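Chain by chain, the residues:
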Amino acid sequence: MSKEEDFIEFDDSEAISFIMEHLPEELKGQVSEDDVQYVLDLVCDYYEDNNLMDDDDDDVDSTVSEATIAEDDMFNYIWRTIRKERTVDLSEDALSAILDGEYEYGKSIGIYTEEA
């Protein structure tokens, strides 16, 4: 198969809709689409900072390389950044729910697989 056939596109708009729909009821009024977009941007920053992104010279998009993601490390990285930048006002529970939603969206489109 060619790289283009293997490429799975992560669509931010679809991801945001998916995450917003899957938030726990108690968080639905507390988390905005802008909050989710900010966290998705930080997820990408985490991947880049940890060399988990494959840059394709022929394409503007990057893809996540096949790797095991340390969920606690990613959460801590994003949580520290949120606290430092003060761009959004999210609780730890809200951040966790957004990251869970991002993971579920990624699984639904084939980006992530669960380890056995």
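Up top you'll find the structure we're talking about.
Asker: Is there a simple way to explain the environment of Asp73 in this structure?
Answerer: Among the secondary structure elements, Asp73 is positioned in helix 4 (residues 71-85). Using a relative accessible area of 45% as the deciding quantity, one classes Asp73 as partly exposed. For the pair Asp73 and Tyr46, spaced 27 residues apart in the sequence, the C-alpha separation amounts to 9.2 Å.

Asker: I keep staring at the environment of Asp45 and nothing clicks. Help me out?
Answerer: By secondary structure assignment, the location of Asp45 is in helix 3 (residues 33-49). Using a relative accessible area of 31% as the deciding quantity, one classes Asp45 as partly exposed. Residues Asp45 and Tyr77, 32 residues apart in the sequence, show an inter-C-alpha distance of 9.5 Å.

Asker: What is the right way to read the environment of Gln30 from this model?
Answerer: Within the element layout of this structure, Gln30 appears in the loop between helix 2 (12-22) and helix 3. Between the C-alpha atoms of Gln30 and Asp89, which are 59 residues apart in sequence, the distance is 9.1 Å.

Asker: Teacher, can you tell me more about helix 3 here?
Answerer: Every α-helix winds through 3.6 residues per turn, so residues three or four apart in the chain are directed the same way. With 17 residues, helix 3 should cover 24 Å at 1.5 Å per step; its first-to-last C-alpha distance of 24 Å lies within 8% of that length. Considered for burial, the residues of helix 3 that qualify are Asp35, Val36, Tyr38, Val39, Leu40, Leu42, Val43, Tyr46 and Tyr47. Two residues or fewer after helix 3 comes Asn51, characterised by a positive phi angle close to 55°.

Asker: When you look at the packing of helix 4 against helix 5 (residues 92-109) in this model, what are you seeing that I'm missing?
Answerer: A pair of packed helices can be characterised by two numbers: the angle between their axes and the separation between those axes. For the pair helix 4 and helix 5, the least separation of the axes is 11 Å and the interaxial angle reads 130°. Classed by the angle they form, the pair helix 4 and helix 5 counts as oblique. By crossing handedness, the relation of helix 4 to helix 5 is classed as right-handed. Contact residues: helix 4 offers Met74, Phe75, Ile78, Trp79 and Ile82, while helix 5 offers Glu92, Leu95, Ser96 and Leu99.

Asker: Help me understand the side chain of Glu102, please; the structure alone is not making it clear to me.
Answerer: Looking at the element boundaries, Glu102 is found in helix 5. For the buried Glu102, no salt bridge is present, and the opposite-charge side chain at shortest range is Lys107, 11 Å distant. Sequence-distant contacts of Glu102, that is, excluding residues within four places in its chain, are made with Phe10, Ile19, Leu40, Val43, Tyr47 and Tyr112.

Asker: In this structure, what is going on with the pattern of salt bridges? I would like to understand it.
Answerer: A side chain with one charge can pair with a side chain of the opposite charge if their charged atoms come near. Per the counting criterion, the structure on display carries two salt bridges. Residues Lys107 and Glu104 are paired through a salt bridge, measuring 3.3 Å at the closest nitrogen-oxygen approach. Placement of the pair is Lys107 and Glu104 together in helix 5, with a separation of three residues, close to one helical turn.

Cut-offs applied
Residues numbered from 1 in each chain as written. Predicted model: local features only at pLDDT ≥ 70, side-chain atom pairs only at ≥ 80, totals over all residues. Heavy atoms only, no water. Helix = DSSP H or I, 4+ residues; strand = E, 2+ residues; numbered from the N terminus. Buried < 20%, exposed > 50% of the residue type's maximum accessible area, 1.4 Å probe, protein only. Expected span 1.5 Å × (residues − 1). Axes fitted to C-alpha atoms, helices over the stretch in contact; angles between N-to-C directions. Parallel < 35°, antiparallel > 145°, perpendicular 65-115°, else oblique. Left-handed = near helix turned anticlockwise from the far one by under 90°. Contact = heavy atoms within 4.5 Å. Lys, Arg positive; Asp, Glu negative; His and termini not counted. Salt bridge = Lys/Arg side-chain N within 4 Å of Asp/Glu carboxyl O.

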